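Secondary and tertiary structure notes
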Amino acid sequence: MRPVIVIVGRPNVGKSTLFNRLSRSRNALVDDQPGVTRDRIYASLQIEGVPLDLVDTGGFEDLGQDPLLKEVRGQVERGIAEADRVIFVVDGRAGVMPGDQEMADLLRKRQKDVVLGVNKVDGPEHDFRIHDFHSLGLGTPFGISAAHGYGFGDFKDALIKNLPAQQEEQENPNQIRVAVLGRPNAGKSSLINRILRDERLLVSDTPGTTRDAVDSIFHHRGREYLFIDTAGIRRRGKVKERIEKFSIVKALRSLDRCHVAVILLDGERGISEQDTRICGYALDRGRGLVLAVNKWDLIKRDPGERDQIRTAFERQMKFVSFAPRVHLSALTGERVMSLFQSIDMVYEQFSTRISTGAVNRALRQIVERHPPQRIGRGRLKFLYATQARTRPPTFILMVNRPDLVHFSYKRFLTNQFREHFGLTNTPIKLKFKER
């Protein structure tokens, strides 16, 4: 699993600006008004070649009488608990504030590895602003400008120094690891309880009952499965809706641990944009996918609702059309055990190894039948190919000019590889490299 770095600090010190600079994105909303960030925002990235997950959090401030601030503060504290390292951002212009001291006390109490970033130090003439922050007792303060990039060289070096290496799960060749993900209240815990025939996991109509990833081992037809129940992944919406009640980081980390992700969809509520986003998380991490439509007992007799589900898949889930689909009911148990047939099929393809000779013969046949179009004066030539890894099947194609591989031809080759090698139900990756 990737190490997790969490950004914390008082409101309006520049946490989201720092997040955007480190992640090279504009995913975090930035505004001069304090308290804009209310939920945790995540990005998977690399810093100097080191892979990690970066987490932005809401401002840590006095609770007062606002129940919303209590939720935000709880969210920050959960983020700290999950972190392998914490970036503590303070405002160099404002100096040390009472909230800074309170946060420093919390981080020392939690015994967290901290990198202290004194923001709004826009150049060497402002370096004097960092001296007061030695009083926080959190090591060397780094003067930085999240807005302009000043001071980021030493800061990033400290950020990744001695960071825990990406952890690999101990392989059990007889075990298939399955993560169950979905929106809150889609029925994830009910599904695993039905499979286990035991009330192993707490089930409630209240969204957000599950907060941590929970592992359960199950044996079926001579195979061992590790089921990972996860917190529901909410969408980001209005301010109050944006407060995450539980740990999305752990849900996403479960994808790093699993072989196959079962994305549980609420058939009664239909397919949402958040469902497609969750599928995207799994696809980005290269996991095998099974789409399970829950509560099928409530809609199977209504042709109109069935057609809506079918149309939604065609329109919104086309990018994961390779994933097998299972209609089931966690409540009644209908077709729940048929899920294993799809999991086994995806896992077998997900783990497939193909000889280099077979890969090259297939590539030669495909390119001879449908050669790439010429682009300008350049001509794309395929030299040879090999499978670099499994889980998912990943192929390296050596070419003379990687820049001439058009995205449409890459998609064509991907589909051809799927069909030729029988990898119709697993994600595969093609990487083009210059010899």
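Cut-off values and rules
Residues numbered from 1 in each chain as written. Predicted model: local features only at pLDDT ≥ 70, side-chain atom pairs only at ≥ 80, totals over all residues. Heavy atoms only, no water. Phe/Tyr/Trp six-rings, centres within 6.5 Å; stacked < 30°, edge-to-face > 60°. Helix = DSSP H or I, 4+ residues; strand = E, 2+ residues; numbered from the N terminus. Buried < 20%, exposed > 50% of the residue type's maximum accessible area, 1.4 Å probe, protein only. Lys NZ or Arg CZ within 6 Å of the ring centre and 35° of its normal. Expected span 1.5 Å × (residues − 1). Arc of directions from axis to C-beta. Contact = heavy atoms within 4.5 Å. Polar contact = N/O pair within 3.5 Å; in protein donor to acceptor, adjacent residues only side chain to side chain. Core = buried A, V, L, I, M, F, W, Y, C linked by side-chain atoms within 4.5 Å.

1. A closer look at the packing of aromatic side chains
- Counted under the stated rule, the structure contains 12 aromatic pairs.
- Considering the side-chain rings of Tyr 409 and Phe 412, the 5.5 Å spacing of their centres and the 35° angle between planes classify their relative orientation as tilted. Within this pair, Tyr 409 and its partner Phe 412 are both found in helix α12 (residues 407–421), separated by 3 residues, close to a single helical turn.
- Residue class for Tyr 409 comes out buried when judged on its relative accessible area of 10%.
- Chaining the aromatic ring pairs together yields one cluster made of Phe 218, Tyr 225, Phe 227 and Phe 340.
- The ring of Phe 152 has Arg 21 sitting right over it, with the charged end atom 5.8 Å from the ring centre.
- In this arrangement the basic side chain of Arg 325 is found over the ring face of Phe 313, its NZ or CZ atom lying 3.8 Å from the centre.

2. What about helix α9 (residues 303–316)?
- With 14 residues, α9 extends 20 Å between its outermost C-alpha atoms, agreeing within 8% with the 20 Å of an ideal straight helix rising 1.5 Å per residue.
- For α9, the full list of buried residues reads Ile 309, Ala 312 and Phe 313. End-on view of α9: buried residues confined to an arc of 100°, all on one side of the axis. For α9, the exposed residues set more than 90 degrees away from the buried face come down to Gln 308, Glu 314 and Arg 315.
- Where α9 is buried, its residues meet β10 (260–266), β11 (288–294), α8 (296–299) and β12 (325–327).
- At the N-terminal end of α9, a side-chain oxygen is found 2.9 Å from the backbone nitrogen of Gly 304, two or three residues along, and the residue is Asp 302.

3. Describing the nonpolar core
- Formed by 50 residues in total, the largest nonpolar core has its most connected members in Phe 88, Met 103 and Ile 263.
- It is helix α3 (residues 98–109) that contributes the most residues to this core, 4 residues altogether.
- Filtering out sequence-adjacent residues up to four positions away, Ile 263 remains in contact with Leu 181, Ile 278, Cys 279, Leu 289, Val 290, Leu 291 and Ala 292.
- Formed by 25 residues, the second largest nonpolar core is a distinct cluster that contains Ile 192, Val 290, Ala 292 and Ala 330.

4. Examining the environment of Phe 152
- For Phe 152, the location among the structural elements is in helix α4 (residues 152–160).
- A relative accessible area of 9% means that Phe 152 is categorised as buried.
- When the C-alpha positions of Phe 152 and Arg 21 are compared, they lie 9.9 Å apart, and in sequence the two are 131 residues distant.
- If sequence neighbours within four positions are ignored, Phe 152 has contacts with Leu 18, Arg 21, Leu 22, Ile 144, Ser 145 and Ala 146.

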